[in-house]
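Summary of the model geometry
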Amino acid sequence: MKNANTLLSSAGDTSGENEYFIPMPKGYQKGKTKYIIVMGTVMSGLGKGIFSSCLAKLLLDKGLKVSPIKLEGYLNVDSGTLNPFRHGEVFVLDDGMECDMDLGTYERMLDHDLSRLNFCTSGQIYNSVLNKERHGDYLGRDVQMIPHVTGEVKLRLRTLAHDSRADVVFVEIGGTVGDLENAFYIEAMRELAYEEGPNSCCFVALTYILEPNTLGEQKSKAAQLGIRELMQSGVQPNIVACRCSNPVSEKVRQKISVYSNVPINRVVSIHDSASIYTIPAMLREAGLDFEVLRMLKLEDKINLRKERDEWAKWCSFTDKISQTKKPLTIGITGKYTSVRDSYASIINALEHAGITLGGDVNIKWIETTNVNDGNAAEYLRDVDGIIVPGGFGVRGTEGKISCVKYARVNNLPYLGICLGFQIAVIEYARNVCGLKDANSTEIEPNCKEPVINILPEQKKIEGLGGNMRLGGYDVILKPQTLAWELFGKSERIRMRFRHRYEVDPRYIEKLEKAGMVFSGKAPNYPIMQILELPGHPYFIGTQAHPCLTSRPLRPQPMFLGLVAASLRKKYP
Ligand code: GLN
C-alpha cells in the first residue's frame, strides 16, 4: 500500500487511482521547513499578526530565517478595493501588492521587505484552482474543496517555504476559527501537519479572556469553547496565547491547560501593553521562544551570540518607551477619523520617530469638512505640527487646503503625504502663484488650472480597476535640499507609491519660479515626488507614502524631521 510519504515524491498524483493529491514545488523537501500556524478564536482583532510577528522576531534574532504569510478568507484578489474604514489601511508592498495591514506589522517587526508571496486570499486560491481546471490540469477529476482547494493552499505555503528558504514559515489565518470562509484553510493546515510529519508544525490558538466589569474576575469559558471548536476541526493546539486587558491569572491558565491538553507553560498571557514593541519581551519572559524551538527541534540551529547583539539593539529602542518624554501634538487631517486602523502606518511612523527623539507624540484628529481660511486657527492653534495624509475623493479637501495655508503662513511644521503633497501644490498655486482656479482633476474634473492631473499612463487604463501607480520606485534627490539632508545626503532613494494623479508637468516651472522646490523626482519621467519650501521651518510633501517604510530601529527620515521640527517649535 502506498502511504503519504512515498507519494510526496510523486507530487501531484492525479491519476485518480488513489485519494492522495499533494502538489509541491520542484525541489521541495518535506519536513525541512517548519510551520507555525496562528489562528484566532472568540473574536477577530485580537492581534494575531502582532503575536505572530513578535514570535517571528524572536526566532529571527536567533539567526533563523523566517517568512510570514497571511491567509485571508475574503474573495477579493488583493486589498486594493477594500474600504479602509471597514478593514484598516491598505498596505502596499515594494512589488506593488496591495495587502492587509498585518503585512505592515511583519515588515516593521522583522525589518524586512515582503512580497506578494507573503499575502494570500481565498480569491487568489479559487482563481488559481479555476484556471487549472480550465487548463485541464486535474485530468478529468471532479474538482473538490478537499483535496484540490486545500492542495492549492498547501502549494502556496510550500512555494513560499521553498522560494524564501525559510527555516520557519509563520502562517496567520485571518478571521476566527468557525468562520465558514476560513474553514478550508484550517483543514489545509491539518493536512499539512500530517504530510510534513512530526515536529514540523506548531499550532497556536490565540484566544480572548473576558473580564466583565460587573464581575471583576477573568472568565475563560468563551476561550474554552473556541479551542474546542478548533479541536473539532482536527487540530490540537500546541500553544494557547490568551489576550486579556490584565495579566491572565494562574487559575485561568490552569483551566485552559486542562481543557485543551496544552501544558501550562505553553498557555501564555498576552495582556495589554503600552506599545506593541514591548510584546517580544513579554513572549520572551514567558519562555515561548525556547518552547517553540524545542517543539520544532530547532535548538541546534540557533546562534546565541547573534541573539544577544540583536536583543541589545532592540532593548536600546524599547527602553526609551518607558522613559519620560516631551509631550507634543501632531494634527492629522483625515476622513476616516473614527478608525485608527485606517492610519496604522502613520501612527507607527510617528511612534518610531517620537521614541527615537524622546518625544511623546499625541495625535489630534481633525475632520476638515467645516474648516476654512477664517477658522483654521481654531483647529490648529494647539498643534505643534500637522500631517495631511493620503486620501481619495472630494470630501474635506477645501478644509485641507486651508490647513496647509495656515501651516505655510504660520511656520507650523508640515508633512504632506500623497494627497497631502497634492493639496500643498494646489494651495501654493492658488495663494502664491495667483492661479485662483487651481485644483486637482480628481476633485474638479473640468477645472481651469489642473495643477494636479491624471498620470498619462493611468489615463490609458482608466476604468479597468487596479489602475494606480503602485509599489516601490526610485526617487532622485536634488543635492543641498532639505530632503537630501534628511536622507543622509543620498542622491537616490526608494519610496512606495499608490496614486493615480500627479503634478501636471505644465505647471512645474511656474511653481518653481514662485519658490516651491521639487527636491525629489522620478528618474526618467517628469513626475514630481517630493516638494519643499525653503525658508519655512519644516514644510515638506511627498507623492509617496513614507509611513509604509518606517521601522522601529530605522525611523523614516521625513517623520523624524517632522517630529524634530515640532519639538523645536514647542521647546525652543
Ligand atoms: N487621490 C490621490 C491620487 O490618486 C492621492 C492618492 C493617495 O493619497 N493615496 O493621486
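Being a predicted model, the structure only gives us computed values, none of them experimental. (Residues numbered from 1 in each chain as written. Predicted model: local features only at pLDDT ≥ 70, side-chain atom pairs only at ≥ 80, totals over all residues. Heavy atoms only, no water.)

1. A closer look at the site of the ligand
- Inspection of the region around the ligand gives Gly390, Gly391, Phe392, Cys418, Leu419, Gln422, Glu442, Arg498, His499, Arg500, Tyr501 and His545 as its neighbouring residues.
- A distance of 3.0 Å separates an oxygen atom of the ligand from a polar backbone atom of Arg500.
- Across the complex, the protein chains shield 99% of the 290 Å² of accessible surface that the ligand would expose by itself.
- Looking at the shell around the ligand, the elements that each hand over two or more residues are α16 (419-431) and β17 (492-499).
- Residue classes in the shell around the ligand are distributed as four nonpolar, five polar and three charged. (Near = heavy atom within 4 Å. Polar contact = N/O pair within 3.5 Å; in protein donor to acceptor, adjacent residues only side chain to side chain. Areas by Shrake-Rupley, 256 points an atom, 1.4 Å probe, with all protein chains shown as cover. Helix = DSSP H or I, 4+ residues; strand = E, 2+ residues; numbered from the N terminus. Nonpolar A, V, L, I, M, F, W, Y, C, P; charged D, E, K, R; others polar.)

2. Remarks on the side chain of Arg430
- Structurally, Arg430 is set in helix α16.
- Polar side-chain contacts of Arg430 include one of 2.9 Å to the backbone oxygen of Ala438.

3. Brief notes about the pairing of β17
- The element β17 is extensively covered by neighbouring structure, given that six of its eight residues are classed as buried.
- Across eight bridges, the pairing between strand β16 (residues 469-477) and β17 is antiparallel. By the bridge assignment for β17, Val475 is matched with Ile493. (Buried < 20%, exposed > 50% of the residue type's maximum accessible area, 1.4 Å probe, protein only. Pairing = 2+ DSSP bridges.)

4. Some thoughts on α16
- When the terminal C-alpha atoms of α16 are compared, their 18 Å separation across 13 residues agrees well with the 18 Å that a helix rising 1.5 Å per residue should span.
- With twelve of 13 residues buried, α16 lies mostly within the body of the structure.
- All of the buried residues along α16 are Leu419, Gly420, Phe421, Gln422, Ile423, Ala424, Val425, Ile426, Glu427, Tyr428, Ala429 and Arg430. (Expected span 1.5 Å × (residues − 1).)

5. Some points on the nonpolar core
- Membership of the largest hydrophobic core comes to 40 residues, with the highest contact counts inside it found for Ile36, Phe51, Leu59, Phe170, Val204, Ile270 and Leu283.
- Counting residues per element, this core draws most heavily on helix α2 (residues 48-61), which supplies six residues.
- For Ile36, the contacting residues outside a window of four places in its chain are Leu55, Leu59, Val168, Val169, Phe170, Val171, Cys202, Val204, Val292 and Leu296.
- Listed in part, the 39 residues of the second largest apolar core include Val371, Val388, Cys403 and Ala424. (Core = buried A, V, L, I, M, F, W, Y, C linked by side-chain atoms within 4.5 Å. Contact = heavy atoms within 4.5 Å.)

6. Describing the confidence of the model for the protein
- For the protein, the mean per-residue pLDDT works out to 92, and 94% of the residues sit at or above 70.
- Segment residues 1-14 is flagged for pLDDT under 50; beyond a separation of four residues in sequence, or across chains, it makes 25 contacts in the model. (pLDDT = per-residue confidence, 0-100.)

7. Quick look at the state of the cysteines
- For the structure shown, the criterion picks out zero disulfides.
- Here Cys315 stays free of any disulfide, with the sulfur of Cys54 as its closest cysteine sulfur at 13 Å.
- You can see Cys447 has no disulfide; the closest cysteine sulfur is in Cys433, sitting 14 Å from it. (Disulfide = S-S within 2.5 Å.)

8. Observations concerning the pattern of salt bridges
- Tallied over the entire structure, the rule returns 43 salt bridges.
- Between Asp94 and Arg494 there is a salt bridge; the shortest N-O distance is 2.9 Å. Residue Asp94 is located in the loop between β3 (91-92) and β4 (98-99), and its partner Arg494 is located in strand β17; the two are separated by 400 residues in the primary sequence.
- Exposure remark for Asp94: the relative accessible area of 23% places this residue in the partly exposed category.
- When the shortest N-O distance is used, the salt bridge between Lys306 and Glu310 registers 3.4 Å. Pair noted here: Lys306 and Glu310 are both in helix α12 (residues 304-318), with a separation of four residues, about one helical turn. (Salt bridge = Lys/Arg side-chain N within 4 Å of Asp/Glu carboxyl O.)

9. With respect to the packing of aromatic side chains
- Scanning the entire structure with this criterion turns up nine aromatic pairs.
- Residues Trp314 and Phe317 carry aromatic rings whose centres are separated by 6.0 Å and whose planes lie at 45° to one another, so their mutual orientation is tilted. Separated by three residues within a single helix, Trp314 and Phe317 lie in helix α12, roughly one turn from each other. Of the two residues, Trp314 and Phe317, both sit in the buried class.
- Taking NZ or CZ as reference, Lys57 lies 4.3 Å from the ring centre of Trp314, over its face.
- Taking NZ or CZ as reference, Arg284 lies 4.2 Å from the ring centre of Trp311, over its face. (Phe/Tyr/Trp six-rings, centres within 6.5 Å; stacked < 30°, edge-to-face > 60°. Lys NZ or Arg CZ within 6 Å of the ring centre and 35° of its normal.)

10. Quick word on the side chain of Glu196
- With respect to the helices and strands, Glu196 occurs in helix α7 (residues 183-196).
- A residue is classified by how much of its surface remains accessible, and Glu196, at 3% relative accessible area, is buried.
- A polar side-chain atom of Glu196 sits 3.0 Å from a polar atom in the side chain of Arg158.
- Ignoring anything within four residues of it in the chain, the contact list for Glu196 reads Tyr28, Lys30, Gly31, Thr33, Tyr35 and Arg158.

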